[in-house]
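So you can see what is in the structure, the chains are spelled out below.
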Amino acid sequence: MSGLQPKILVIEDDPQIRKFLTITLTSHDYTVIPAETGREGVRLATSVKPDAVLLDLGLPDIDGAEVISVLRTWSKMPILIVSARDHEDEKIKAFDLGANDFVTKPFGTGELLARLRAALRDAIVTIAEDTVVKVGDLCIDLSAHKVTVRDNPVKLSPKEFALLKVLASHAGKLLTHKYLMQKVWGDAHVEDNQYLRIYIAQLRQKLELDPARDQFIVNEPGIGYRLEAAGGSE
Amino acid sequence: MHPPRFDAHATPGSRFFAYATWWQALLSLASVLTVAGLSYGLIAAGFPSPESLGILFVLPVLCAAAFFELRLALFTVVLSVAAYNLVLIPPLWTFNLNNPQALAKVVVLLIVTLVVSALASRLKRMTREGQAREDILTDLYLLNQDLVGKTSVKDVCEAAEQRLGVITRMPCRIFLESEMSDIRSKTEFTPHFQERPGQWSAGVDPRLILQLGEADSRLGTLVFTPQEGERIVAESFPFRFLPTLAGQVALAISRAMITEAHAAQTRQADRERFMSAMLSSLSHDFKTPLVGIIGALETLQSRVDADARDLVSDGLTEAQRLNRFVVNLVEVSRLEAGVRPKCEPVHIRDAVSGVLRTLRPLIGMQTFRIIIEPGFPLLNVNPSLFDLVLLNLIENAIKYGPLEGDITIEARVTPDGVLIDIDDDGDGIPTPLREQVFTKFYRAAEGDRKIAGTGLGLYICREIMNVYAGTVAAIDPPDGTGACMRLSLPSDITLPVLVPQEEAE
Ligand SMILES: Nc1ncnc2c1ncn2[C@@H]1O[C@H](COP(=O)(O)OP(=O)(O)OP(=O)(O)O)[C@@H](O)[C@H]1O
Ligand SMILES: [Mg+2]
């Protein structure tokens with residue numbers, strides 16, 4: 001990270017969760033700006049100009065979706081949603097409004113940090129073409145078109161590789177179905193995301209050699225996929 | 001309703017009736033003799049107008065007609081006319097119809113007594129009917145009094161049985177249609193039961209059987225059991241009016257049934273309100289602290305020494321188990337409240353991978369195999385619900401299987417849908433328990449194994465599969481060991497996809 005500690009605005013009404021988020025993030029060299037309500041969060045966002053926002057969707061005063069819309073009127077800063085499992089519609093709506101990613105309650109610290117890192121990184125740099133991406137036991141050499149899992153080479157078809165490459169160049173970040181379709185199959189197929197599911201399944205078949213240990217591709221129903229090691233430890 | 005009808009067997013002919021008739025005949029004879037004796041005495045004492053004594057011979061006939069049956073009245077007419085002839089028409093103590101005067105006297109008396117007896121018995125019948133009408137009105141009133149205000153079907157039946165018992169002076173029982181499936185009442189009932197709605201059925205069976213309600217919507221059956229040796233006279237009071245009373249009872253029963261159904265509906269609504277209140281309090285008061293606990297323990301994990309890390313990791317496992325339980329509980333309440341979340345195409349491989357990722361902390365040395373038939377369709381279901389089914393089944397396979405077990409997840413296409421088998425090699429589920437394990441909170445291995453659980457997992461699997469017209473069942477394991485859980489889904493929720501023809505390599 002470039003010199004200064006990144007500032008994270010945490011908008012969360014539950015004091016316990018706010019506390020453990022503060023401790024976790026502070027100990028990983030982030031500066032935490034806590035906000036209890038949506039209104040306070042919006043105000044702080046304008047005055048402090050954080051590097052990223054961690055937003056709980058279940059706020060007491062205003063709808064989380066409203067916070068996103070307000071922030072998006074003037075800023076492109078990464079917004080991470082913290083949402084409950086049984087509120088998928090809210091999650092999808094938040095994503096449509098411009099949220100970048102989310103963690104589902106209850107979440108582990110590893111997962112949270114990985115998402116945050118991915119969001120911040122994507123905001124600053126895009127990964128160079130010649131990088132080697134490592135996700136857990138999966139290793140992808142983007143320039144040499146080589147993929148290995150625990151040093152076992154994996155043979156992928158060109159389309160499968162193209163798909164993995166898109167996922168790998170945004171490792172840790174949630175990519176929408178639409179984005180993936182467009183990047184791999186071009187504009188014509190954007191709406192038809194059933195191919196995508198079949199290709200992802202084929203990739204899993206080849207990459208996730210030991211189903212109990214390897215879950216490199218994470219499915220976010222209704223939204224998209226991300227490439228991420230389990231527990232978020234990259 | 002039809003008026004009560006009656007079988008030949010039920011005709012009054014018992015000894016009691018014969019006995020009474022003899023007595024009445026004797027009484028009539030006695031009264032005729034008295035009148036004859038009195039007339040004779042008066043004439044002997046020099047009564048001035050023997051002729052006028054003839055009117056006395058109408059009296060026994062009048063009495064017989066007023067108090068006895070018509071045939072006894074006619075019998076008395078014969079006796080009276082004969083006695084008149086013997087005593088009042090000379091020569092004394094002989095029948096004399098030879099002269100026209102004597103014949104005329106006898107004929108006049110005959111006509112008078114016949115008319116009198118006809119009139120008197122008609123009068124008697126009318127009085128009796130009036131009495132009966134009054135009685136039945138009283139009975140109806142009392143029955144209504146008993147039935148009014150009874151809200152439960154049971155109370156109505158009990159009150160009706162009691163009142164009808166008092167009216168008919170014999171034990172009475174109501175068999176409700178809903179109870180007829182009950183074996184006890186059926187055996188008590190069927191041997192002589194005859195299907196004749198709204199009619200008496202008598203004969204060999206001394207009991208009186210009466211249908212409650214109309215033939216097309218029968219509510220039940222009324223059964224009167226007479227005492228030993230007693231017979232039911234259907235045309236006599238009060239049996240003649242039983243159909244009216246039965247109608248009243250049927251009305252009260254159907255009214256109580258409506259009241260009961262309404263009460264049940266209200267109770268159900270109350271329960272649902274309670275459930276949703278519990279649901280929201282669960283999500284708030286349970287889930288939020290769990291997020292804090294799990295987050296805090298995760299943070300701790302990387303900061304403590306090796307000994308403490310073990311403890312923290314145990315705490316984390318437990319907290320995650322509690323979280324799965326809360327998820328199950330919340331989902332059960334939502335399903336039971338009729339919530340049906342949105343569907344979207346789900347690939348079985350995505351679902352299994354996600355579930356294994358969630359269960360990762362639980363997985364030890366088990367080996368997993370995922371076999372998916374090529375061309376396996378996408379499933380149009382709600383992703384979280386479908387994940388929950390797999391999660392519970394795979395969690396069971398891990399929990400109830402050996403530490404180094406093999407767990408196979410196999411997905412296949414069949415002519416009418418798809419099958420997904422989850423096969424482990426633990427102890428399996430004994431065949432007689434294979435249905436029971438799906439009941440709410442049922443646990444087969446109660447106590448004897450130290451495996452945590454609440455018995456909700458399989459119940460919720462079944463609830464979710466029901467939403468998609470699918471099934472979940474414990475089947476005979478194809479490999480002969482362990483448990484094999486089979487999910488099946490009908491083809492109308494599958495979305496076949498063409499495997500894209502890829503550019504050749
Ligand atoms: N794979 C299996 N092998 C052996 N027994 C099983 C298996 N799956 C279920 N059972 C038996 O069925 C019972 C009910 O299972 P269910 O998943 O409903 O409840 P649970 O696992 O006890 O608790 P919960 O899933 O709510 O944590 C279990 O207690 C267990 O005895
Ligand atoms: Mg279970």
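No experiment lies behind these values; they were computed from the predicted model shown. Here, residues in each chain are numbered from 1, in the same order as that chain's written sequence. Labels follow written order: the first chain is A, the first ligand is 1, and so on. pLDDT decides what is reported in this predicted model: residues at 70 or higher carry local features, side-chain atom pairs at 80 or more are listed and counted, and totals for whole chains, interfaces and linings draw on all residues regardless. Side-chain metrics in this entry use all non-hydrogen atoms of the structure; hydrogen atoms and water are not considered.

Here we look at the overall build of chain B
Thinking step 1. In this text, helices come from DSSP runs of H or I with a minimum length of four residues, and strands from runs of E with a minimum of two, each type numbered from the N-terminal end. Within chain B, the secondary structure is distributed over 11 helices and 11 strands.
Thinking step 2. Think of it in three bands: with a 1.4 Å probe and only protein chains considered, a residue is buried below 20% of the maximum accessible area for its type, exposed above 50%, and partly exposed in between. The buried share of chain B, reckoned over its 505 residues, is 42%.
Thinking step 3. Here the contacts in chain B between residues at least 6 apart in sequence split such that 68% fall between residues at least 24 apart.
Thinking step 4. Where accessible areas are quoted, they stem from the Shrake-Rupley method and a 1.4 Å probe; at the residue level, only the protein chains shown are allowed to cover. When the accessible surface of chain B is summed, it comes to about 27,300 Å², and 61% of that surface belongs to carbon and sulfur atoms. Any two residues whose heavy atoms approach within 4.5 Å at even a single point are treated as in contact.

Thoughts on the overall build of chain A
Thinking step 1. Of regular secondary structure, chain A possesses eight helices and 12 strands.
Thinking step 2. Across the 234 residues in chain A, those meeting the buried criterion constitute 53%.
Thinking step 3. Of the contacts made within chain A by residues no fewer than 6 positions apart, 60% connect residues no fewer than 24 positions apart.
Thinking step 4. Looking at chain A as shown, the accessible area adds up to about 9,800 Å², and 51% of this sits on carbon and sulfur atoms.

Focus on the interface of chain A and chain B
Thinking step 1. In this assembly, 47 residues from chain A lie in contact with 42 residues from chain B.
Thinking step 2. Roughly 3,900 Å² is buried in total at the junction of chain A and chain B, and carbon and sulfur atoms are behind 53% of that figure.
Thinking step 3. Throughout this description, the term salt bridge denotes a Lys or Arg side-chain nitrogen within 4 Å of a carboxyl oxygen of Asp or Glu. Here chain A and chain B share five salt bridges between them.
Thinking step 4. The salt bridge involving Arg357(B) is made with Glu228(A); its shortest N-O contact spans 2.8 Å.
Thinking step 5. Identification of polar contacts relies on pairs of N or O atoms within 3.5 Å, with a donor-acceptor requirement for protein atoms, meaning one able to donate a hydrogen and the other able to accept it, and with residues adjacent in sequence counted only if both atoms are side-chain atoms. At the surface where chain A touches chain B, the tally comes to 15 residue pairs in polar contact (both at pLDDT 80 or more). By convention, the term buried area covers the 1.4 Å-probe accessible surface removed from two parts as they join, with the contributions of both added.

Digging into the sheet that holds strand β11 (residues 217-220) of chain A
Within a sheet, adjacent strands bond to each other through the backbone by hydrogen bonds, running parallel or antiparallel.
Thinking step 1. Sheet architecture is open: three strands sit in the order β10-β12-β11 (chain A), paired in antiparallel fashion. Taken across any chain shown, the strands that pair with only one partner, and hence form the sheet edges, are β10 (175-176) and β11 of chain A. By the convention used here, strands pair only if DSSP detects at least 2 bridges between them.

A short note on the pairing of strand β12 (residues 224-227) of chain A
All names here are of chain A.
Thinking step 1. Going residue by residue along β12, you find Gly224 and Arg226 tucked away on one face and Tyr225 and Leu227 tucked away on the opposite face as well.
Thinking step 2. As paired elements, β10 and β12 share two bridges and run antiparallel to each other. Residue pairing in the sheet places Thr176 in a bridge with Gly224 of β12.
Thinking step 3. Between the end of β11 and the start of β12, which pair antiparallel, lie three residues, with Gly222 showing a positive phi angle near 85°.

Observations concerning a negative patch on the surface
All names here are of chain B.
Thinking step 1. Like-charged residues within 9 Å of one another, or nonpolar side chains (Val, Leu, Ile, Met, Phe, Trp, Tyr) within 5 Å, are grouped into patches, provided each residue has over 30% relative accessible area and no salt bridge. When charges are counted, Lys and Arg are positive and Asp and Glu negative, with His and the chain ends excluded. To locate a charge, the coordinates of NZ of Lys, CZ of Arg, CG of Asp or CD of Glu are taken. On the surface, Asp305, Asp307, Asp310 and Asp314 cluster together into a patch of negative charge.
Thinking step 2. Of note, Asp314 is situated in helix α8 (residues 306-336).
Thinking step 3. Given a relative accessible area of 48%, Asp314 falls into the partly exposed group.

Topic: the packing of helix α6 (residues 158-169) of chain A against helix α8 (residues 194-207) of chain A
Residues and elements named next belong to chain A.
Thinking step 1. Close contact between α6 and α8 brings their axes to 10 Å; oriented N to C, the two are set at 90°. In terms of orientation, α6 lies roughly perpendicular with respect to α8. Between α6 and α8, the contacting residues are Lys159, Glu160, Leu163, Leu164 and Leu167 on the first element and Leu196, Tyr199, Ile200, Gln202, Leu203, Lys206 and Leu207 on the second.
Thinking step 2. When residue character is reported, Ala, Val, Leu, Ile, Met, Phe, Trp, Tyr, Cys and Pro are called nonpolar, Asp, Glu, Lys and Arg charged, and the others, Gly included, polar. A breakdown of the residues in the contact of α6 with α8 according to their chemical character gives eight nonpolar, one polar and three charged. A fitted line through C-alpha atoms serves as each axis, taken over the contacting stretch for helices, and the angle formed by two N-to-C directions is quoted from 0 to 180°. In these notes the angle categories are as follows: under 35 degrees is roughly parallel, over 145 is roughly antiparallel, 65 to 115 is roughly perpendicular, and the rest is oblique.

Considerations on the pattern of salt bridges
Thinking step 1. Scanning the entire structure with this criterion turns up 32 salt bridges over all chains.
Thinking step 2. A salt bridge links Asp350(B) to Arg204(A), with the shortest nitrogen-to-oxygen separation between them at 2.7 Å. In this pair, Asp350(B) is assigned in helix α9 (residues 348-359) and Arg204(A) in helix α8, connecting two distinct chains.
Thinking step 3. Here the salt bridges share partners, and the residues they tie into one network are Glu111(A), Arg115(A), Glu228(A) and Arg357(B).

Remarks on the packing of helix α3 (residues 64-72) of chain A against helix α4 (residues 88-97) of chain A
Residues and elements named next belong to chain A.
Thinking step 1. Between α3 and α4, whose axes approach to 9 Å, the crossing angle comes to 5°. Comparing their axes, α4 and α3 come out roughly parallel. Of the residues in α4, those in contact with Ala65, Ile68, Ser69 and Arg72 of α3 are Lys93, Ala94 and Leu97.
Thinking step 2. For the contact of α3 with α4, a count of residues per class yields four nonpolar, one polar and two charged.

Quick look at the packing of aromatic side chains
Thinking step 1. Each pair of aromatic rings taken from Phe, Tyr and Trp, with Trp reduced to its six-membered ring, is defined by centres within 6.5 Å and is described as stacked if the planes are under 30 degrees apart, edge-to-face if over 60, and tilted in the remaining cases. Following the criterion strictly, the structure yields six aromatic pairs over all chains and no others.
Thinking step 2. Seen in terms of ring centroids, Phe95(A) and Phe102(A) are 5.9 Å apart; in terms of plane orientation they differ by 80°. Their pairing is edge-to-face.
Thinking step 3. With relative accessibility at 0%, the residue Phe102(A) sits in the buried group.
Thinking step 4. Aromatic rings pair up to connect Trp185(A), Tyr195(A) and Tyr199(A) into one cluster.
Thinking step 5. The criterion is that NZ of a Lys, or CZ of an Arg, lies within 6 Å of the ring centre and within 35 degrees of the ring normal, and then a charge sits over that ring. Positioned above the aromatic ring of Phe175(B), the side-chain terminus of Arg173(B) is 4.6 Å from the ring centre.

Considerations on the sheet that holds strand β7 (residues 138-141) of chain A
All names here are of chain A.
Thinking step 1. Strand order in the open sheet formed by four strands is β6-β7-β8-β9, with antiparallel pairing between adjacent strands. The open sheet has two edge strands with one neighbour each: β6 (132-135) and β9 (152-154). Strand-to-strand, the axes of this sheet are offset by a mean angle of 25°, without reference to chain direction.

Digging into the site of ligand 1
Residues and elements named next belong to chain B.
Thinking step 1. Here, proximity means that at least one heavy atom of the residue falls within 4 Å of the molecule or strand. For ligand 1, the set of nearby residues contains 18 residues, the closest of which are Asn396, Asp424, Arg443, Thr454 and Leu458.
Thinking step 2. Within the backbone of Leu456, an N or O atom sits 2.9 Å from an oxygen atom of ligand 1.
Thinking step 3. In this structure, an oxygen atom belonging to ligand 1 sits 2.8 Å away from a main-chain N or O atom of Leu458.
Thinking step 4. Relative to its unbound accessible surface of 590 Å², ligand 1 loses 96% to contact with the protein.

A closer look at helix α1 (residues 15-27) of chain A
Residues and elements named next belong to chain A.
Thinking step 1. With 13 residues, α1 should cover 18 Å at 1.5 Å per step; its first-to-last C-alpha distance of 18 Å lies within 8% of that length.
Thinking step 2. Those residues of α1 not exposed but buried are Ile17, Arg18, Phe20, Leu21, Thr24 and Leu25.
Thinking step 3. A distance of 3.2 Å separates the backbone nitrogen of Gln16 from a side-chain oxygen at the start of α1, and that oxygen is part of Asp14. The span one expects for a helix is its residue count, reduced by one, times 1.5 Å.

Concerning helix α10 (residues 383-400) of chain B
The α-helix advances 3.6 residues per turn, and as a result positions three or four apart in sequence lie on the same side.
Thinking step 1. The terminal C-alpha atoms of α10(B), which comprises 18 residues, lie 25 Å apart, in line with the 26 Å expected from a rise of 1.5 Å per residue.
Thinking step 2. Within α10(B), 15 of the 18 residues are buried, which leaves the element mostly enclosed by the surrounding structure.

Digging into the pairing of strand β3 (residues 52-56) of chain A
For a regular strand, the rule is simple: side chains alternate between the two faces of the sheet.
Residue and element names in this part refer to chain A.
Thinking step 1. With respect to burial, β3 is a largely interior element, five of its five residues being buried.
Thinking step 2. Across the two faces of β3 the burial is the same, with Ala52, Leu54 and Asp56 and Val53 and Leu55 all buried.
Thinking step 3. Judged from the four bridges that link them, strand β1 (residues 7-11) and β3 form a sheet pairing that is parallel. Directly across from Leu9, in β3, lies its bridge partner Val53.
Thinking step 4. Direction of pairing for β3 relative to strand β4 (residues 79-83): parallel, over a ladder of four bridges. Each residue of the ladder has a partner; that of Val53, found in β4, is Ile79.

Re the nonpolar core
Residues and elements named next belong to chain B.
Thinking step 1. By convention a nonpolar core is built from buried Ala, Val, Leu, Ile, Met, Phe, Trp, Tyr and Cys residues, the set being connected through side-chain atoms within 4.5 Å. If you look at the biggest cluster of nonpolar residues, it comprises 61 residues, and the most contacted ones within it are Phe368, Phe386, Leu390, Leu393, Ile394, Ile420 and Leu487.
Thinking step 2. Considering every element that reaches this core, the biggest residue donor is α10, with 10 residues.
Thinking step 3. The split into domains, and so the bounds of each, comes from an automatic or database assignment of domains. Residue-level mapping places this core at the junction of two domains, with at least three residues from each of domain 3 (267-331) and domain 4 (343-495).
Thinking step 4. In contact with Phe386, other than residues within four places in its own chain, are Val346, Ile348, Ala351, Leu379, Val381, Ile420 and Leu489.

None of this, on its own, says anything about what the molecule does.
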